[in-house]
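Topology and contacts: notes
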Amino acid sequence: MKVSVDPDKCQGHGRCMMYDTEIFECDDLGYAHIRGDGTVPEADREEVWFASLNCPEQAITVDESA
Amino acid sequence: MMNSEVDGDRLEGYDLIAVLMLVLIAGLDTTWNALSSAMLHLATHPEDRRRLVAEPALIPTAVEELLRFYAPVVLTRETTKDVQLGDTTIPAGELVLLNWAAANRDPEMFPDADKVIIDRAENRHIAFGTGIHRCLGSSIARLELKIAIEEWLGVIPEFELDDPESVTYSTGHIWGPRVVDVVYPATVAAARS
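Let us look at the structure shown here.

Cut-offs applied
- All residue numbers refer to position in the chain's written sequence, counted from 1.
- Starting at A for chains and at 1 for ligands, labels are handed out in the order in which the entities are written.
- Under the rules for a predicted model, residues below a pLDDT of 70 receive no local features and side-chain atom pairs below 80 are neither given nor counted, while totals for whole chains, interfaces and linings still include all residues.
- As a rule here, side-chain values come from all non-hydrogen atoms in the structure, and water together with hydrogens is ignored.
- Note on conventions: DSSP H or I runs of at least 4 residues are helices, E runs of at least 2 residues are strands, and numbering of each starts at the N terminus.
- Computation of the radius of gyration draws on C-alpha atoms, with the globule rule given as 2.2 Å multiplied by the number of residues to the power 0.38.
- The buried label goes to any residue with under 20% of its type's maximum accessible area, the exposed label to any with over 50%, and the partly exposed label to all in between, with areas taken from a 1.4 Å probe on protein chains only.
- By the convention used here, residues are in contact when the closest approach between their heavy atoms is within 4.5 Å.
- Working definition of accessibility: Shrake-Rupley area with a 1.4 Å probe, residue cover restricted to the visible protein chains.
- His is not counted, nor are the chain ends, whereas Lys and Arg count as positive and Asp and Glu as negative.
- Charged side chains are reduced to one point each, which is NZ for Lys, CZ for Arg, CG for Asp and CD for Glu.
- Among buried residues, the Ala, Val, Leu, Ile, Met, Phe, Trp, Tyr and Cys ones that are joined through side-chain atoms within 4.5 Å form a nonpolar core.

1. Digging into the overall build of chain A
- Scanning chain A for helices and strands turns up two helices and four strands.
- Start at the N end of chain A and walk to the C end: the helices and strands fall as β-α-β-β-α-β.
- The C-alpha radius of gyration of chain A comes to 10 Å, within 12% of the 11 Å expected for a compact globule of 66 residues.
- Across its three principal directions, the C-alpha atoms of chain A cover 30 × 20 × 20 Å.
- Among the 66 residues that make up chain A, the fraction classed as buried is 41%.
- Considering only contacts within chain A whose residues lie at least 6 apart along the sequence, 58% involve residues at least 24 apart.
- With an accessible surface of roughly 3600 Å², chain A has 47% of that area assigned to carbon and sulfur atoms.
- A gap of 3 Å separates the mean positions of the 5 positive and 15 negative side-chain charges of chain A.

2. A few points about the nonpolar core
Residues and elements named next belong to chain B.
- With 28 residues, the main nonpolar core has L52, L66, L67, I118, I149 and F159 as its most contacted residues.
- Among the elements of the structure, α2 (29-44), α4 (59-69) and α6 (138-155) are those that each provide at least two residues to this core.
- Excluding residues within four positions of it along the chain, L67 makes contact with A34, N104, H125, A127, F128 and L145.

3. A few points about unusual backbone geometry
- The backbone of Q58(A) shows a phi angle near 50 degrees, a positive value even though the residue is not glycine.
- Note on placement: Q58(A) falls in the loop between α2 (45-54) and β4 (60-63).
- Accessibility expressed as a relative area gives 43% for Q58(A), which makes it partly exposed.
- With a phi angle near 50 degrees, D112(B) is a residue other than glycine that sits in the positive phi range.
- Position of D112(B) relative to the elements: it lies in the loop between α5 (100-103) and α6.

As structure tokens, this is what we get:
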């Protein structure tokens, strides 16, 4: 499973950061990006899904097949 | 803010005053309207209140649901180009009232949209707006709401609305209950006296 953040859509609401700071982090202006290459460890799956489903800008994409 | 620079530009003169006024106003009645809505809800929904007392870890999730349901802010935007919306064309340069609260009750996005589900886990609400002008203070607003509810429930877990008739609402671009008088339930009041 892989996750990505579209930097053109992210407006820095920070809701992903409320779910999983192992996967998501933000820059100095508050915009989110992924730590590492986006591979989601088994333990983070649920939090990453919730981050995606709660993003107001629909900026987070989860790829279950990757 | 007096000393900050973005891309070499500094805020000066009336621009600085305008931004400070905006921060002051945008950070006050918005948050207290959200908080008074939350208090009104908790005063009138003992099952939700008791669940948060028993499970304080649920409070951040509850804050999102209360923001969705009681979205306090409606804002105006000006179109920068012609916008086609359904059968209507909104020309460039028009003022448009954006009702985030209505979007937050969209039944296609939120199952049981007209119900407060205190542990709603999928909650892509836009109480703080969306796009490049989303609320700049959303993170501190969330923190204030979470801390206020946590601390209140930690000290006063049992309370109820005194007189429903006394609740009055502020209206306009910022909406919410202006007065929420709460009292200890009769059983708690008797035990304390």
